[in-house]
Amino acid sequence: MTDSSQNDGTSKRSQFLLEHVDIEINHRCNLLCKHCSARAVRAKAGVDELSVDDLKKILHSAASLGLRNVGLTGGEPLMDKEKLENIARFCLDDLGVPVHTHSNGTLVTVEMCKQGGVLSLFESVSVTFLGGNAESHDSITQVKGSFKRSFEGARIIADAGLPLTCYFIPTNQTCHEFKALAAELHNVGVRRIRAMALAPSGRARTIYDKTIPDIDEMRVFEKDLLQIGAELSIQIEAGNCTRMSMPGLSILAGHERCMSGLNRVHINSRGDVFPCTAASGVSELMLGNLRDSAFDLKEIWFASPLVRNIRALQRKILDGCNECSRIKKCYDTCMVNVIGTMNSAELKACALFR
């Protein structure tokens, strides 16, 4: 996926197929997680959210660019069950593209998981745990009882035989808790866990230094998951950015390297486009807004100056980087971790935004 004829690598458009789109169907959630990358809110009605027609236009545009997978998220997508089902069926029936969805699990019901129910439409359903027990998880979600309901949601999904992945996102002082949680989830039928490293994105950005586990805690987390995975035959995996801090975990298929802005984007509930989901809570990494182009992704995907610079950075040919003292960190770690922890002077000087 390189092109020596042009630094931004966009002269041959076929090199940059937009294969994966994650899109927020809403901005509302029944939880209020302290480090939510989407900054979701507890509200009864959406504010400035994309409509069903808007979402369909966006996804139809993405289909013309090589779309192969769609992730439907939020907010909490099950707060808008009819909207979620409408868009899922559009992807499956009109576009012929498989879908997966990300939930906190608290609103899952048996009916949703039956044949023809909304969750039966997805090739993968995820439920996220932010702590290994009720005390730590509920402290982060700021809703008492959320851990219990998330666990029950995971149990219902697993009991229905649907393809479930449980996400574990550790913070400081919680890394040691997840081994026991993995065993408890295994007892109710969970066989796949994805570890995710906290990113300085969204609400987490201002508390990142106080929230991120230290290297010793991460080693405990990784060791515990590898051990319990081997003992109970649980598939433990992680994407490229998480494996930078936990290299012993299995590689998540399709995430062998950073593909931010290369074959994927994340679109928030207002139509803002970002190079990946982790980037969606870092305003400086916004590529553009789809309302400015009648919900057509082509202009942003091929012509956004920032996406061109991101592609050049990925190939280590971005002009101006060689003079920067942060070059090793940019090349060896996650772009979101780098940009999300820069101060205003560093952001102003960064070659990515020139």
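Computed from a predicted model, the values in this text were never measured in an experiment.

Thresholds applied
Residues numbered from 1 in each chain as written. Predicted model: local features only at pLDDT ≥ 70, side-chain atom pairs only at ≥ 80, totals over all residues. Heavy atoms only, no water. Helix = DSSP H or I, 4+ residues; strand = E, 2+ residues; numbered from the N terminus. Rg over C-alpha atoms; globule rule 2.2 N^0.38 Å. Buried < 20%, exposed > 50% of the residue type's maximum accessible area, 1.4 Å probe, protein only. Core = buried A, V, L, I, M, F, W, Y, C linked by side-chain atoms within 4.5 Å. Contact = heavy atoms within 4.5 Å. Phe/Tyr/Trp six-rings, centres within 6.5 Å; stacked < 30°, edge-to-face > 60°. Lys NZ or Arg CZ within 6 Å of the ring centre and 35° of its normal. 1 Å grid on protein atoms, 1.4 Å probe; cavity = no way out; pocket = protein on both sides within 12 Å on 5 of 7 lines; lining within 4 Å. Points joined across faces, edges and corners; volume = space filled by probe spheres on them. Nonpolar A, V, L, I, M, F, W, Y, C, P; charged D, E, K, R; others polar. Pairing = 2+ DSSP bridges. Axes fitted to C-alpha atoms, helices over the stretch in contact; angles between N-to-C directions. Parallel < 35°, antiparallel > 145°, perpendicular 65-115°, else oblique. Salt bridge = Lys/Arg side-chain N within 4 Å of Asp/Glu carboxyl O.

Asks: In this structure, what is going on with the overall build of the protein? I would like to understand it.
Replies: Helices and strands together make up the secondary structure of the protein, namely 14 helices and eleven strands. Taking 354 residues into account, the globule formula puts the C-alpha radius of gyration at 20 Å, and the protein, at 20 Å, falls close to it. For the protein, the spread of C-alpha atoms along the principal axes amounts to about 55 × 45 × 35 Å. Residue burial in the protein is summarised as follows: out of 354 residues, 55% are buried.

Asks: Got a minute to help me understand the nonpolar core in this structure?
Replies: One broad trend across soluble globular proteins is that nonpolar side chains are buried collectively. Ranked by size, the top nonpolar core spans 95 residues in total, and within it L119, F122, F129, F168, I267 and L352 carry the most contacts. Excluding residues that lie within four positions of it along the chain, L352 makes contacts with L285, L306, N309, I310, L313, L318, M335 and I339. Within the second largest apolar cluster, 13 residues are counted, among which are C33, L130, I169 and L198.

Asks: Just to check I follow, could you spell out the packing of aromatic side chains for this structure?
Replies: Two aromatic rings, taken as a pair, are described by how far apart their centres are and by the angle between their planes. On inspection of all chains with the given rule, the structure shows five aromatic pairs. Summarising the aromatic geometry, the rings of F147 and F151 are spaced 6.4 Å apart at their centres and angled 35° between planes, so their arrangement reads as tilted. With F147 and F151 both in helix α5 (residues 146–159) and four residues apart, the pair spans about one turn of that helix. Taken individually, F147 and F151 each receive the classification buried, so the pair is uniform in this respect. Three or more aromatic residues joined by ring pairs form one cluster here, namely F129, F147, F151, F168, F178 and F221. Positioned above the aromatic ring of W301, the side-chain terminus of R311 is 4.5 Å from the ring centre.

Asks: What is the right way to read the layout of surface pockets from this model?
Replies: Unoccupied space between atoms shows up once a probe the size of one water molecule is rolled over them. Put simply, the second largest pocket is a space of about 230 Å³. Lining the second largest pocket we find 17 residues, and of these C324, M342, A349, C350 and A351 sit closest to its centre. If you list the elements that add at least two residues to the lining of the second largest pocket, you get α12 (327–332), α13 (335–340) and α14 (344–349). Looking at the lining of the second largest pocket residue by residue, the class counts come to 13 nonpolar, one polar and three charged.

Asks: Honestly, the sheet that holds strand β10 (residues 272–274) in this entry has me stumped. Any pointers?
Replies: Two strands in a sheet stick together by hydrogen bonds in their backbones, pointing the same way (parallel) or opposite ways (antiparallel). Strand order in the open sheet formed by eleven strands is β8-β7-β6-β5-β4-β3-β2-β1-β9-β10-β11, and the pairing between neighbours is mixed. Both edges of this open sheet fall to β8 (250–251) and β11 (288–289), since each of them pairs with a single strand only.

Asks: Sorry, what's going on with the pairing of strand β9 (residues 264–267) here?
Replies: Along any regular strand the residues' side chains alternate between the sheet's two faces. The side-chain alternation of β9 yields two buried faces, one formed by R264 and H266 and the other by V265 and I267. Note: β9 against β10, two bridges, orientation antiparallel. In the sheet register, H266 faces β10, and the bridge partner there is F274. Joining the antiparallel neighbours β9 and β10 is a turn of four residues, in which G271 adopts a positive phi near 95°.

Asks: Which parts of the structure should I look at to understand the pairing of strand β1 (residues 20–24)?
Replies: Judged by how many residues are buried, β1 sits mostly within the fold: five of five residues are covered. Residues H20, D22 and E24 of β1 are buried on one face, and the alternating residues V21 and I23, pointing to the opposite face, are buried as well. Sheet topology places β1 next to β9; four bridges connect them, and they run parallel. Opposite I23, over in β9, you have I267 as the bridge partner.

Asks: What is the right way to look at the side chain of T128 in this model?
Replies: Locating T128 in the fold gives a position in strand β4 (residues 124–129). Residue class for T128 comes out buried when judged on its relative accessible area of 18%. Setting aside residues up to four positions removed in sequence, T128 forms contacts with S103, N104, H137, S150, Y167 and I169.

Asks: Looking at this structure, how should I read the environment of G75?
Replies: Locating G75 in the fold gives a position in the loop between β2 (69–73) and α2 (81–95). Residue classification places G75 among the buried positions, given a relative accessible area of 16%. For G75 and H100, which are 25 residues apart along the polypeptide, the C-alpha to C-alpha distance reads 15 Å. Not counting chain neighbours up to four residues away, the residues in contact with G75 comprise N26, H27, R28, C29, A38 and A40.

Asks: Sorry if this is basic, but what is going on with the packing of helix α4 (residues 134–141) against α5 here?
Replies: Packed helix pairs are specified by the crossing angle of their axes together with the interaxial distance, meaning the distance between the axes. Contact pair α4 / α5: the axes reach a minimum separation of 8 Å and the direction vectors enclose 105°. Judged by the angle between their axes, α4 and α5 are roughly perpendicular. Residues A134, H137, D138 and T141 of α4 form the contact with α5, whose participating residues are S146, F147 and S150.

Asks: Please explain the pattern of salt bridges as it appears in this structure.
Replies: Pairing between side chains becomes possible if they bear opposite charge and their charged atoms approach one another. In total, this model carries 13 salt bridges according to the counting rule given. Measuring nitrogen to oxygen at the nearest pair gives 3.0 Å for the salt bridge that ties R89 to E85. In this pair, R89 and E85 both sit in helix α2, four residues apart, roughly one turn of the helix. Given the relative accessible area of 32%, R89 is considered partly exposed. Ionic pairing is found between R219 and D216, a salt bridge with its closest N-O pair at 3.7 Å.

Asks: What exactly am I supposed to notice about the side chain of T101 here?
Replies: By the element assignment, T101 lies in strand β3 (residues 99–103). Looking at T101, the relative accessible area reads 3%, which means it is buried. Leaving out residues up to four positions away in the same chain, T101 has contacts with L72, P77, L84, L119, F122, S124, V125 and S126.

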